[in-house]
Amino acid sequence: MAKSAEIIIDGKSYKFPIVEGSEGELGIDIGNLLEETGAVTLDFGYKNTGATKSAITFLDGDKGILRYRGYSIEELAAKSSFLEVSYLLIFGELPTQEQLKKFTNDIKNHTMVHEDIKKILDGFPSTSHPMGVLASLFCAQTAFYPESLDPNRSVEGVYLSIIRSLAKMPTFAAWAYKNAVGHPVNYPDNTLDYCSRFLKMMFALPAEHYEIDPVVADALDKLLILHADHEQNCSTSTVRIVGSSKASIYSSISAGINALWGPLHGGANQEVILMLEQIKKDGGDTDKWIAKAKDKNDPFRLMGFGHRVYKNFDPRAKIIKKAADDVLAKLGVNDPTLEIAMKLEEVALKDPYFVERRLYPNVDFYSGIIYRALGIPVDMFTVMFAMGRLPGWIAQWKELRENKEPIGRPRQIYTGKNLREYVPITKR
Ligand code: SDX
């Protein structure tokens, strides 16, 4: 017998079907709620609301599970590569050797950007935050590829937009950085792999030979895998709702980049390092700062802690924490903020305030420590997050469009003034 949920309003009973996901998740399908009952639901921040059905990523917040298309994040981070994971997320299956080779080469053939992009870049002062530059350059692709605006674009046309997005994101990211430091931009070196090509565009200087450190390139590839998708988070939901209006993939993802920028979301990785530096400068008294995080009258929050879904550990945080140890050791970097981060985690996880609210380190808590060890400047941390999340945004945008989902248009509960007569204040 199909499961259903019953709602009783003013003594009248209404039944709604319950849908079950492939991992046993239950959802009450309220698609006819307003029509049948005249009422809408109210759920600030959509904490209890499923916006769609998706086959891309599964996560279980209580068990600390994260899987891309059924593969565990632990296995993918340990054994796969960012481009292979990107293919998996976007097309649903791991690529064959041949498919991966073609995908990799297609991306290599599109890493260059139109020279006129430099004119846009030149308009940004060097004080511009790289996330704002990245969102603008990414959206500017709509100008250089106007055919991407066609909402009914062919499968081949959508594939080309996907390839261009993955190929040019690292170029845009590196150019945003060069703009911030006032250095000349570097063109992509297509003899290199995805991460090495990005690192060289980021750090190579005209007068010097730039040597790729395989430890750095490998660590970055792993970090991009760990950030690649995370079901219906804030920025992905933004990409979906913009895409639901049949806006282009470039404008939809540009909106996602802007949503990710916020300090409560992807911007947290930058805030974590600033917080750790502040605690270090203040003498490293972790108890004092834990107390501040608990104090309702103090706006300070323990950045990198807590999560809307993970009410146990964030599996990505566990992997990144171990990787931080490994990478710093391999690079011979001694970063005192790592010790402070580990002390904060140790103290917080024993404190009733954090335990009761089930607040654990999230993906952003340790990632900044690795980025800094790799030489990535703090202002670029969230740009790294965006580079990693790109295949997830693409996969979710593509799924929404293939499923022909309706335009997103939530309702509200109106709390404003009731009807009142207009009386002009002054005689005209
Ligand atoms: C990401 O959704 C995703 O999947 C996101 C992400 C992804 O991969 O896309 O995982 C990436 O965005 C990770 C989160 C990065 N943000 C931060 O680290 C910022 C610090 N964390 C918080 O601001 C907060 O935990 C959120 C935003 C992450 C989650 O907020 P919620 O789910 O809305 O929870 P809440 O703010 O309602 O907090 C519940 C309680 C509150 O206390 P009470 O009112 O019950 O007394 O927990 C407290 C909060 O004050 N709380 C914290 C806290 N986080 C929550 N208190 C101190 N420090 C914190 N970090």
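The structure reproduced in this document is the subject of the present report. Only a predicted model underlies this, so the values are computations on that prediction, with no experimental measurement involved. The numbering scheme is per chain: residues are counted from 1 as the chain's sequence reads. Given that the model is predicted, a residue must reach a pLDDT of at least 70 before its local features are reported, and side-chain atom pairs must reach 80 or more before they are shown or counted; all residues, however, enter totals for whole chains, interfaces and linings. For side-chain calculations, the full set of non-hydrogen atoms in the structure is used, while hydrogens and water are omitted.

1. Looking at the layout of surface pockets
Thought 1: There is about 500 Å³ of room inside the second largest pocket.
Thought 2: Two kinds of site are reported from a 1 Å grid over the protein atoms alone, namely cavities, where a 1.4 Å probe fits but cannot get out, and pockets, open sets with protein on both sides within 12 Å along at least five of seven lines, and residues are called lining when an atom falls within 4 Å of a point. Every residue lining the second largest pocket is counted, 25 residues in all, and those nearest its centre are Pro151, Arg153, Val158, Arg401 and Glu402.
Thought 3: Only DSSP runs of H or I reaching four residues or more are called helices, and only runs of E reaching two or more are called strands; each is numbered from the N terminus. For the lining of the second largest pocket, the elements supplying multiple residues, two or more each, are α7 (155-181) and α18 (381-402).
Thought 4: We call Asp, Glu, Lys and Arg charged. Ala, Val, Leu, Ile, Met, Phe, Trp, Tyr, Cys and Pro are nonpolar, and the rest, Gly among them, are polar. Grouping the constituent residues of the lining of the second largest pocket by class yields nine nonpolar, eight polar and eight charged. Grid points are joined across faces, edges and corners, and a volume is the space filled by probe spheres set on the points.

2. Describing empty space enclosed by the protein
Thought 1: Summed over the entire model, instances satisfying the criterion amount to one cavity of 30 Å³ or more.
Thought 2: In this structure, the largest cavity spans a volume of roughly 30 Å³.
Thought 3: Lining the largest cavity, in full, are Val113, His114, Ile117, Gln141, Phe144, Tyr145, Lys168 and Phe172.
Thought 4: Secondary-structure elements contributing two or more residues to the lining of the largest cavity are α6 (130-144) and α7.
Thought 5: Residues that form the lining of the largest cavity fall into these classes: five nonpolar, two polar and one charged.

3. Topic: the side chain of histidine 227
Thought 1: Looking at where histidine 227 falls in the secondary structure, it is placed in the loop between α9 (214-226) and α10 (234-243).
Thought 2: Each residue's exposure class comes from its accessible area (1.4 Å probe, protein chains only) as a fraction of the maximum for that residue type: buried when under 20%, exposed when over 50%, partly exposed otherwise. Looking at histidine 227, the relative accessible area reads 0%, which means it is buried.
Thought 3: By definition in these notes, contact holds between two residues if any of their heavy atoms fall within 4.5 Å. Residues in contact with histidine 227, not counting those within four places in the same chain, are Tyr68, Ile320, Val363, Ser367, Tyr371, Phe385, Gly388 and Arg389.

4. Comments concerning the pattern of salt bridges
Thought 1: Salt bridges are counted wherever a side-chain nitrogen of Lys or Arg sits within 4 Å of a carboxyl oxygen of Asp or Glu. Enumeration according to the criterion identifies 25 salt bridges in this entry.
Thought 2: Residue arginine 153 is joined to glutamate 147 by a salt bridge in which the shortest nitrogen-to-oxygen separation is 3.9 Å.
Thought 3: The class of arginine 153 is buried, set by a relative accessible area of 17%.
Thought 4: We note a salt bridge from lysine 398 to glutamate 402, for which the minimum N-O separation is 3.0 Å. You can see lysine 398 and its partner glutamate 402 sitting in helix α18, four residues apart, about one turn around the helix.

5. A look at the packing of α7 against helix α8 (residues 194-203)
Thought 1: Axes here refer to lines fitted to C-alpha atoms; in helices the fit is confined to the stretch in contact. Angles between the N-to-C directions go from 0 to 180 degrees. Where α7 meets α8, the closest approach of the two axes is 8 Å, and the angle between their N-to-C directions is 25 degrees. Taken together, the axes of α7 and α8 lie roughly parallel to each other. The handedness of the crossing between α7 and α8 comes out as right-handed. Contacts from Leu166, Pro170, Thr171, Ala173, Ala174, Tyr177 and Lys178 of α7 reach α8 at Tyr194, Phe198, Met201, Met202 and Phe203. In these notes the angle categories are as follows: under 35 degrees is roughly parallel, over 145 is roughly antiparallel, 65 to 115 is roughly perpendicular, and the rest is oblique. The handedness criterion is simple: a crossing whose near helix is rotated anticlockwise from the far helix by less than a right angle is left-handed, and one whose near helix is rotated clockwise is right-handed.

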